[in-house]
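# Coordinate inspection notes
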Amino acid sequence: MSQLQISVELPVLDLSQPAHPSFLSTLSRACQEWGFFYVTNHASPYFESLKVSGPDFFASAKASADVLFAQQSSEFSEILKEYGIKMMELSKTIIKIILMSLGNSYERKFYDAEFINCHGYLRLVNYTPPEMVEENHVEGLGMHTDMSCITVVYQDEIGGLQMRSKDGQWMDICPCENSLVVNIGDLLQAWSNGRLRSSEHRVVLKRQVNRLSLAFFWCFEDEKVILAPEEVVGEGSPRIYKPFVCLDYLKFRESNEEGKFERIAYTVKDFAGIK
Ligand SMILES: O=C(O)CCC(=O)C(=O)O
Ligand SMILES: [Fe+2]
């Protein structure tokens, strides 16, 4: 495989500015082509691998902290609670802007009806330094797509996150100061009838140093039936996904994934795609 690295300039969604129509079209193109962009002027983040689920982020963090540290660690839980709440708010803001970028008044039309029951969970990951770096890098996290609507990632300054372009090239998603990375997940790809792309990505470790990341997955509720609204599909366009229940897809992925973070063989296209 070629080691040639191509980097791509992704748009930066600045939440301190109103969303300009010209920016919305840039964002919409990036979501179709890459499924990745940056967000800045949000709140600021943090740090090892455990899952913290909403809506009660405090209880979940505390349960993990009790196991991890075998002691009370309410400060840790407080920080994660705050982080979880901030990420919920941020995700709502971002999805509204993504909906705006899809079309006229889509935010008003679809936010309440479709996204109001979304929930989130955090994954804190510590990548331990590889003992040897072969062929320029080792895979820290194999190629996968996210089972979310959107994922908001804080990565430290080490770098290594890469996304796969439509023609199979790996592109670096460089750490960008004061910005988080946002990527579209499978649930939103299906909901948008493929207008928003959930791209494959992975983490490669190129240096013998620890890498920390914090990924927040914002997802539809388990029982939701995912079906792209007529307006989103567009008149005359074919539907490319059958309706499906969110939880059934999560179970499908679980049953097809080998290890915890192994390379995944199947995605939402295999599960619900109309061939
Ligand atoms: O560690 C990262 O930068 C990304 C992690 C990721 O893609 C995931 O947890 O799904
Ligand atoms: Fe991911």
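Each chain has its residues counted from 1, running along the sequence as written. Following the order in which they are written, the chains are lettered starting with A and the ligands numbered starting with 1. Side-chain atom pairs in this predicted model are given and counted only at pLDDT of 80 or more, local residue features only at pLDDT of at least 70, and totals for whole chains, interfaces and linings cover all residues. Where side-chain values are given, they derive from all heavy atoms of the structure, hydrogens and water being excluded.

A few words on helix 7 (residues 246-256). For each residue, the accessible area found with a 1.4 Å probe, counting protein chains only, is set against the maximum for its type, and the residue is called buried under 20%, exposed over 50%, and partly exposed in between. In this text, helices come from DSSP runs of H or I with a minimum length of four residues, and strands from runs of E with a minimum of two, each type numbered from the N-terminal end. Buried within helix 7 are the following residues: Cys-246, Tyr-249, Phe-252 and Arg-253. Burial along helix 7 is one-sided: seen end-on, the buried residues are contained in an arc of 125 degrees. The exposed set on the far side of helix 7, more than 90 degrees from its buried face, consists of Glu-254 and Ser-255. Working rule for contacts: check all heavy atoms of both residues, and any pair within 4.5 Å makes them a contact. Those residues of helix 7 hidden inside the fold are in contact with helix 5 (186-191), strand 13 (225-226), strand 14 (244-245) and helix 8 (268-272). In this description, one arc is meant: the one made by directions from the helix axis to the C-beta atoms.

Time to look at the site of ligand 1. Surrounding ligand 1, one finds Arg-123, Tyr-127, Leu-141, His-144, Asp-146, Val-153, Leu-161, His-201, Val-203, Arg-211, Ser-213 and Phe-217. Polar contacts here mean pairs of N or O atoms no more than 3.5 Å apart (in protein, one a potential hydrogen donor and the other a potential acceptor; neighbouring residues in sequence count only if both atoms are side-chain atoms). Side-chain polar atom of His-144 to an oxygen atom of ligand 1: 3.0 Å apart, as the coordinates give it. The side chain of Asp-146 places a nitrogen or oxygen atom 3.2 Å from an oxygen atom of ligand 1. We get accessible surface area from the Shrake-Rupley algorithm with a probe of 1.4 Å; when it comes to residues, only the shown protein chains can shield them. Burial of ligand 1 by the surrounding chains reaches 98%, relative to a free accessible area of 290 Å². For the shell around ligand 1, the elements supplying multiple residues, two or more each, are strand 5 (119-127), strand 6 (138-144), strand 11 (201-205) and strand 12 (211-219). Among the elements that line the shell around ligand 1, the one with the most residues is strand 12, at 3 residues. Broken down by class, the residue content of the shell around ligand 1 amounts to 6 nonpolar, 3 polar and 3 charged. Residues are classed as near a molecule or strand on a simple rule: at least one heavy atom within 4 Å of it. Classes in brief: Ala, Val, Leu, Ile, Met, Phe, Trp, Tyr, Cys and Pro nonpolar; Asp, Glu, Lys and Arg charged; the others, Gly included, polar.

Time to look at the packing of helix 1 (residues 21-33) against helix 3 (residues 74-102). As a rule, the C-alpha atoms of each element are fitted with a line to give its axis, helices using only the stretch in contact, and angles between N-to-C directions run from 0 to 180 degrees. Contact geometry for helix 1 and helix 3: axes closest at 8 Å, N-to-C directions at 95 degrees. Relative to helix 3, the element helix 1 is oriented roughly perpendicular. Here helix 1 contributes Leu-24, Leu-27 and Ser-28 to the contact with helix 3, which in turn contributes Ile-97, Met-100 and Ser-101. Residue classes in the contact of helix 1 with helix 3 are distributed as 4 nonpolar, 2 polar and no charged. Throughout this description, any angle smaller than 35 degrees is read as roughly parallel, any larger than 145 degrees as roughly antiparallel, any in the 65 to 115 degree range as roughly perpendicular, and the remainder as oblique.

This part takes up the sheet that holds strand 4 (residues 51-53). What the 7 strands build is an open sheet, ordered 2-3-10-7-12-5-4; its pairing is mixed. Every interior strand has two partners, whereas the edge strands, strand 2 (12-14) and strand 4, have only one. Going across the sheet, the axis of each strand differs from the next one's by a mean of 25 degrees, ignoring polarity. Two strands make a pair as long as DSSP finds a minimum of two bridges between them. Relative to strand 12, strand 7 (residues 150-155) runs antiparallel, the two being bridged by 6 bridges. Note that in strand 12 the partner of Gln-155 across the bridge is Ser-213.

What follows concerns the coordination of the iron ion (ligand 2). Each metal's donors are the N, O and S atoms found within 2.8 Å of it, except that Na, K and Ca use a 3.2 Å limit; water is left out, so coordination can look incomplete. For the iron ion (ligand 2), the full set of protein donor atoms is His-144 (NE2), Asp-146 (OD) and His-201 (NE2), and the range of their distances to it is 2.1 to 2.2 Å. Counting gaps between the donor residues of the iron ion (ligand 2) yields the pattern H-x1-D-x54-H. Note on His-144: relative accessible area 11%, which makes it buried.

Now for the nonpolar core. Ranked by size, the top nonpolar core spans 74 residues in total, and within it Ile-94, Phe-115, Ile-150, Trp-191 and Trp-218 carry the most contacts. Per-element accounting of this core gives the leading share, 12 residues, to helix 3. Those residues within four positions of Trp-191 in sequence are excluded, and the remaining contacts are Leu-99, Leu-102, Phe-110, Glu-114, Phe-115, Phe-220, Ile-226, Leu-227, Ala-228, Pro-229 and Val-232. Buried Ala, Val, Leu, Ile, Met, Phe, Trp, Tyr and Cys residues form a nonpolar core when they are joined through side-chain atoms within 4.5 Å.

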